Amino acid sequence: MKKLLFLCVSALLVGCSTAVDIDQQVDELYAKMPQEERIAQLRSMYMDELFNEQGQLDTAKCRELIPYGIGHFSQFCMQQPRDPNELRDRAIAIQDWLMNNTPNGIPALLHEEVLSGVNTLGSAIYPQQIGQACSFNPELAELKTFQTSTTLRKIGGIFALSPMVDVCRNPSFNRLEESYGEDGYLSAVMGTAFVKGLQQGNLKKGVGACSKHYLGYGGGGDAEEKELMEEILLPHETMIRLTGSVAVMPGYHDVHGTRCVANSEILQDILRGYVGFDGMVVSDYTAIDQIPGLETTVEKAAAAINNGNDVDFPHGANYKFLQEAIDKGLVKPEVLERAVKDVLRIKFRLGFFDKDAYLYSKEDIKLDTPEERQTAYDIAAQSIVLLENNGILPLKDVKNVLVTGPNANSIWAMCGDYTYPAMSYFWKMVMDVADRDNPHIVKLLEAMTAKKPENLNVMYSRGCDWTEDIETKYGEVGDARAWEYELLHRKVDSGEKADKAEALKMSQEADVIIAAVGENVMLCGENRDREGLRLPGKQEQYVEELIKTGKPVVLVVFGGRAQVISGIAEKCAAVIQAWYPGEEGGNAVADILYGNVSPSAKLSVSYPNTEINEPICYNYSAEKDARVAWPFGYGLSYTTFEYQNLQVNSEAQTSDNFVELTFQVKNTGEVKADEIAQIYLSPTADNQNIRPIQLQGFARISLEPGQTKTVTTRLYVEQFGFYSHANNVRQWNIEPGTFIVKVGASSADIRLQQEVILRGKAVNKPLRDHYFSESIVSQ
């Protein structure tokens, strides 16, 4: 039997563990701190400012710049390409200086981005989150971040500005790749697993997590209150209440007309008052600078801290004026006290003040270990979605395969935003990062050649570039550090000639054409966008010419979003959505093409067939959306599955704990494969306050040909409930009624269903105790 997921708030409410003892220590420390040291805890800086050209700590600069210490160091791993042992030695030097030369010897929180692994040279690069969500595998999500946090903590990193859990419902959102897609439940399950692995259930060994971008970045900030509180808030809520995530980062956007970083409704009322969060609220980089309607940095600092933001990233440009704001009466002393104590509380939880505090490791640090590469491969293989297949895949009995397209022989098909190569290329303008081979990133052509059957010939010609012109749009949105023309006004140079005539000539000798198309680091990501969602440049026209050769074309789409491929997808023999699959992505795609692995991923978004620049979601309606080519939860396999024998408790009380259901899934084909069975809940009447259809559970089932397994699921009665806000009371409600439990292969492919009647009185409670169903797979 395999336990897929068990997260129960009654068993793990960790947000206030040992709170009394820690709060007493925080109070005592705060009382001893001079005012300058208190304010310093709310500021950050880049560590490189304190080291000389020889890499030695400049103690004179330390005395000049941080005589009262510093609370944080920003993105300390990615500033320059450095060996992890050198990074660790720098962490040792700065922490030692802080502990021995500042009033109370308080260590700093060194933070980094860890969305797809540690953001540093040589670190393992895992698949981007939008792809990982398609795996529906929280166990692998947890393993990935456990490996990441183990590595980062050795280097000296103790806090991470990850994960991004925005419930992204606008297909055109340029940062959609960082998210887990459009569904609140799936985003919450995957985000909570991310935090569970990162923090390791022990903050004194793991790395503190930060959920971002609170609340509703990427299209959710304008949602109605019910959607905002039930779905958009859900990942943040579960990460905080189930795993004790230590920090929250407000987004760059507005909610109800107020910038998030200075929004007391979402930071004070909802986050601290309703959810019960007692960790740090940290600004996104330069977000306080961008608060509209205020003239001075003093006013901006006051607005942010008064309304609930604790820390000013990346370098405390506004909070360095906090004393002036206090002197002018713009900030009350108790507001400063709240913010400083929020930071200190987390430092105590992380073990900073223990005698055996684990601030770094002294061992020789190795990156990109075989275990990490295996995890990267496993996630990639489970993240790649087969959208269409007329029988051409897996490739069998073919002699000549042409691999072509801009993403066929490039690392930019594999690396999403917030990987070290992408961050270095975009922010640092390191143009040769693709040539450094550290870590080794397996390209599609390399893997297709290395893994080919003995009698198969792989040919290659690039044939087409990503774009002919610069398509990256300039806009003053997001991180203000990117508001530079030089950063955005460029396109990626592949270093290869794109000879269309050569490729078309080769196609005449091919039995099958593999066309690798899509986006790259300059066409999608933070501060990067382009016009529309159709394939960039002339890629679509190139695919059309390949199709006209009469040879079967397998379209492999890479990138951070679903791209509009209607008009060509129908003419292709097969279509694969590969996302940004990480350092082992080439091997994973090749294994699927050759049939070494059966695809198992299911879409974490509704895949559009037309340009859409507004929120869409499968749960908005039970009717098919004509704008969607492939629905949420959809994905093909090399085999077929039969669902059977659904058994559900047909009645339960509103006061009961759960409803149990069982069903069976059989592999009716000839290939070993995984199926992701999805459990949805629907109402039977229009006056029930739940979505027309809503994911409430899933199970990944591995099946040999002809094998049948049973899934047993506890669907908690609270999952039948809904949020309300009346008479200044926010609460969760479970009401009697008749519901439909559905089991399917996607949100639009329901195989089994049965009604469940809840009887009894309405139950009201401030918050849920159970968020996720539990599924067990057995023989």
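Once a new chain begins, its residue numbering starts again from 1 and follows that chain's sequence as written. Given that the model is predicted, a residue must reach a pLDDT of at least 70 before its local features are reported, and side-chain atom pairs must reach 80 or more before they are shown or counted; all residues, however, enter totals for whole chains, interfaces and linings. No hydrogens and no water enter the side-chain calculation; it runs on all heavy atoms of the structure.

> Please explain the sheet that holds strand 28 (residues 749-759) as it appears in this structure.
Whenever strands of a sheet pair, they do so through backbone hydrogen bonds, lying parallel or antiparallel. Ordered by their spatial adjacency, 5 strands build an open sheet running 20-28-27-22-23, and the pairing between neighbours is mixed. Looking at which strands have only one partner, the edges of the open sheet turn out to be strand 20 (651-653) and strand 23 (694-703). The sheet shows a mean angle of 25 degrees between the axes of neighbouring strands, direction not considered. Note on pairing: DSSP must find at least two bridges between two strands before they are called paired. Comment: elements are numbered from the N terminus, with helices defined as DSSP H or I runs of at least four residues and strands as E runs of at least two. Here strand 20 runs beside strand 28; their pairing, made up of 3 bridges, is parallel. Considered in strand 28, the bridge of Gln653 is made with Arg759. Orientation is described by axes fitted as lines to C-alpha atoms, over the contacting stretch for helices, and by angles from 0 to 180 degrees between their N-to-C directions.

> Where do I start with the packing of aromatic side chains in this structure?
Only the six-membered ring of Trp is used, alongside the rings of Phe and Tyr, when aromatic pairs are assigned; centres must lie within 6.5 Å, and planes under 30 degrees apart are stacked while those over 60 apart are edge-to-face, with the rest tilted. Per the stated rule, a full pass over the model turns up 18 aromatic pairs. Between Phe136 and Phe698 the ring centres are 5.1 Å apart and the planes differ by 85 degrees, which places this aromatic pair in the edge-to-face class. In this pair, Phe136 is assigned in the loop between helix 5 (129-133) and helix 6 (138-155) and Phe698 in strand 23, connecting sequence segments 562 residues apart. Type-normalised accessible area, obtained with a 1.4 Å probe on protein chains alone, sets the label of each residue: buried when under 20%, exposed when over 50%, and partly exposed for intermediate values. Its relative accessible area of 1% is what places Phe136 among the buried residues. A ring pair is formed by Phe658 and Tyr716, whose centres lie 6.1 Å apart and whose planes are at 75 degrees; its orientation type is edge-to-face. Highlighted residues: Phe658 in strand 21 (residues 658-667) and Tyr716 in strand 24 (residues 708-716), separated in sequence by 58 residues.

> Would you take a moment to explain the side chain of Asn170 for this structure?
Along the chain, the position of Asn170 falls in the loop between strand 5 (159-160) and helix 7 (184-199). Accessibility expressed as a relative area gives 12% for Asn170, which makes it buried. Distance and chemistry together define a polar contact, namely a pair of N or O atoms within 3.5 Å, with one atom able to donate a hydrogen and the other to accept it when in protein, and with adjacent residues in sequence counting only for side-chain atoms on both sides. Of note is the side chain of Asn170, whose polar atom sits 3.0 Å from the side chain of Asn613. Residue contacts follow a heavy-atom distance rule, with two residues in contact if any of their heavy atoms lie within 4.5 Å. Setting aside chain neighbours within four positions, we find Asn170 in contact with Leu176, Gly218, Ile612, Asn613, Glu614 and Pro615.

> Would you explain the environment of Leu140 in this entry?
Note on placement: Leu140 falls in helix 6. Taking the C-alpha atoms as reference, Leu140 lies 25 Å from Asp769; in sequence the two are 629 residues apart. Those residues in contact with Leu140, other than ones at most four positions away along the chain, are Gln132, Asp378, Ile379 and Gln382.

> Just to check I follow, could you spell out the pattern of salt bridges for this structure?
For side chains of opposite charge, pairing can occur when their charged atoms come near one another. When a carboxyl oxygen of Asp or Glu lies within 4 Å of a side-chain nitrogen of Lys or Arg, that pair is called a salt bridge. Taken as a whole, this structure holds 53 salt bridges when the rule is applied. Salt-bridge contacts for Arg82 lead to Glu86; the nearest nitrogen and oxygen are separated by 3.5 Å. Using a relative accessible area of 34% as the deciding quantity, one classes Glu86 as partly exposed. A salt bridge links Asp625 to Arg627; its shortest N-O distance comes to 2.9 Å. Take Asp625: its relative accessible area is 27%, and that puts it in the partly exposed class. Through salt bridges with shared partners, a single ionic network connects Asp23, Arg272, Asp310, Arg338, Asp342 and Arg345.

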